[in-house]
Amino acid sequence: MAYFDFPIPKSLEKPVEITKLVDFAPLPKMFALDFRRFLRGVVLLLVWVTCLFFGGSSRSQEKAESSVYRQSVGSGVQQTAELVSSEKQAERLVASMLSRLGRVESISARIRQRTRAEGMVLVGTGRYLQQGSGVDQQFRFEVVNKADTETFELLEVSDGISFWKFQKGGSMPVRLTRVDISQIRAKLKDFGIEENQAVAPHLGGLQRSLALIRRFFQFESAERESLEGLPVWRVVGRWNPTRLIENFPHLKALSDSPKGLTTALPVGTPCSVELIIGSEQLFPFRITWSARSDDGRVEPISVLELYEVRLGEPVDSAAFVYKPSAEGLLDVTEQFVQETRPLRK
């Protein structure tokens, strides 16, 4: 069943004209330790260097001080001010969203993103494709982010046997890695995780980005709202104090004051995340990251959107075929196995 009747996403090999659905959407920047890897892999949703997805056309010349980040966090969402859930309900919504993503028959969506990082604005376009479930699940996530003088490319493909990741951008050398999925499944089995569960949350793509968001943040509230006529939940999460201290050990002295922990974060470090989730589909249409600026205000630094979304429709299986050259290829299976751990329940 399709929830949005839009054209099928085109390949990134050709210019894509972005049609408006909702305001922009990107993902944030990474900072310390595991959180750095998290945001780079996220993101978003999860995603590369200091950002993840979405943008508009190629308006990369925009100045940060006049960008969309000056808008309110809920920009583009009709505010109904109907707070209808407790923290427990907010957590339940996010957990249900992740479970649904792992079980949906197929997903086809276009991506756009805008991220402000280190004085520049990165704008990106891409697409996300997923089909199948359990051991047969496949996915493809690709995005190109552009700044004034630099371009960052990320491609993640899982064909159910191997997980491939291609990264290229800026002054960094091209990086191509492979993971043997069977070994990841074997590690998950050691944790008592059933084989028929999706392994994507432990690999990459949209599910991995959201799983890591849930690992690092705890969700406090959920409000019923409307996104261009679509009933949605606006769910807000803030740092899990334990995870925050793991990534920023110097904050341990403030552990008795959760509020003091986040206010002590370095300027520009994400301190909260907002998810816009479809009420019926439980699909994440927007991810917004906010951080504290030099003047102490908390404002969005990255917005990511999935739009022209199709759920349950046929997806061309050719999208999940990836046969790169062996030159420069790194097998990082062992590293992935060592870092694989159960997801937060």
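Residues numbered from 1 in each chain as written. Predicted model: local features only at pLDDT ≥ 70, side-chain atom pairs only at ≥ 80, totals over all residues. Heavy atoms only, no water.

Trainee: Looking at this structure, how should I read the overall build of the protein chain?
Mentor: Regarding its fold elements, the protein chain presents 7 helices and 13 strands. Residues classed as buried in the protein chain amount to 57% of the 345 residues present. As displayed, the protein chain offers around 15,500 Å² of accessible surface, 50% of which is attributable to carbon and sulfur atoms. (Helix = DSSP H or I, 4+ residues; strand = E, 2+ residues; numbered from the N terminus. Buried < 20%, exposed > 50% of the residue type's maximum accessible area, 1.4 Å probe, protein only. Areas by Shrake-Rupley, 256 points an atom, 1.4 Å probe, with all protein chains shown as cover.)

Trainee: Can you walk me through the nonpolar core in this structure?
Mentor: The nonpolar side chains of a soluble globular protein tend to be buried, and buried together. Counting 60 residues, the largest nonpolar core has Leu203, Leu210, Val235, Leu275 and Phe283 as the members making the most contacts within it. No other element matches the 6 residues that helix H2 (residues 87-103) contributes to this core. Non-local contacts of leucine 275, meaning those with residues more than four positions away in its chain, are made with Val94, Met97, Leu210, Phe219, Trp233, Arg234, Val235, Arg286 and Ile287. (Core = buried A, V, L, I, M, F, W, Y, C linked by side-chain atoms within 4.5 Å. Contact = heavy atoms within 4.5 Å.)

Trainee: Before we go on, may I ask you to explain the pairing of strand E6 (residues 162-169) in this structure?
Mentor: Side-chain direction in a regular strand flips from residue to residue, so the side chains alternate between the two faces of the sheet. Most of E6 is tucked away, with 7 of its 8 residues classed as buried. Note: strand E5 (residues 151-158) against E6, 7 bridges, orientation antiparallel. Counted as the bridge partner of leucine 154 is glutamine 167 from E6. Where E5 folds back onto E6 in an antiparallel hairpin, the turn is made up of 3 residues, including glycine 160, whose phi is positive at roughly 95°. Where E6 meets strand E7 (residues 172-180), 7 bridges bridge the pair, whose relative direction is antiparallel. When the bridges of E7 are listed, glycine 169 appears paired with methionine 172. The turn linking E6 back onto E7 is made up of 2 residues, and glycine 170 within it adopts a positive phi angle of 55°. (Pairing = 2+ DSSP bridges.)

Trainee: Which parts of the structure should I look at to understand the packing of H2 against helix H4 (residues 205-216)?
Mentor: Helices that pack against each other are described as a pair by the angle of their axes relative to one another and the distance between those axes. Their axes nearest at 10 Å, the elements H2 and H4 cross at an angle of 160°. The pairing of H2 with H4 is recorded here as roughly antiparallel in orientation. Handedness of the crossing formed by H2 with H4: left-handed. The residues of H4 that touch H2, namely those facing Glu91, Val94, Ala95, Met97, Leu98, Leu101 and Gly102, are Leu206, Gln207, Leu210, Ala211 and Arg214. Taken together, the residues that form the contact of H2 with H4 break down as 8 nonpolar, 2 polar and 2 charged. (Axes fitted to C-alpha atoms, helices over the stretch in contact; angles between N-to-C directions. Parallel < 35°, antiparallel > 145°, perpendicular 65-115°, else oblique. Left-handed = near helix turned anticlockwise from the far one by under 90°. Nonpolar A, V, L, I, M, F, W, Y, C, P; charged D, E, K, R; others polar.)

Trainee: Can you walk me through helix H3 (residues 181-190) in this structure?
Mentor: Because each turn of an α-helix spans 3.6 residues, side chains separated by three or four positions end up pointing in the same direction. Regarding H3, the residues found buried are Ile181, Ile184, Arg185, Lys187 and Leu188. Projected down its long axis, H3 shows its buried positions confined to an angular sector of 160°, all on one face. Exposed and oriented more than 90 degrees from the buried face of H3 are Lys189 and Asp190. For H3, the elements touching its buried residues are E5, E6, E7 and helix H7 (333-339). Two residues or fewer after H3 comes glycine 192, characterised by a positive phi angle close to 85°. (Arc of directions from axis to C-beta.)

Trainee: Help me out: how do you make sense of the pairing of strand E8 (residues 217-227) in this one?
Mentor: In terms of residue burial, E8 counts as a mostly covered element, since 8 of its 11 residues are buried. By the bridge criterion, 10 bridges tie E8 to strand E9 (residues 230-239) in an arrangement that is antiparallel. Across the sheet, the residue bridging to leucine 227 is leucine 230, located in E9. As consecutive antiparallel partners, E8 and E9 are separated by 2 residues, and within that stretch glutamate 228 has a phi angle of approximately 50°, a positive value.

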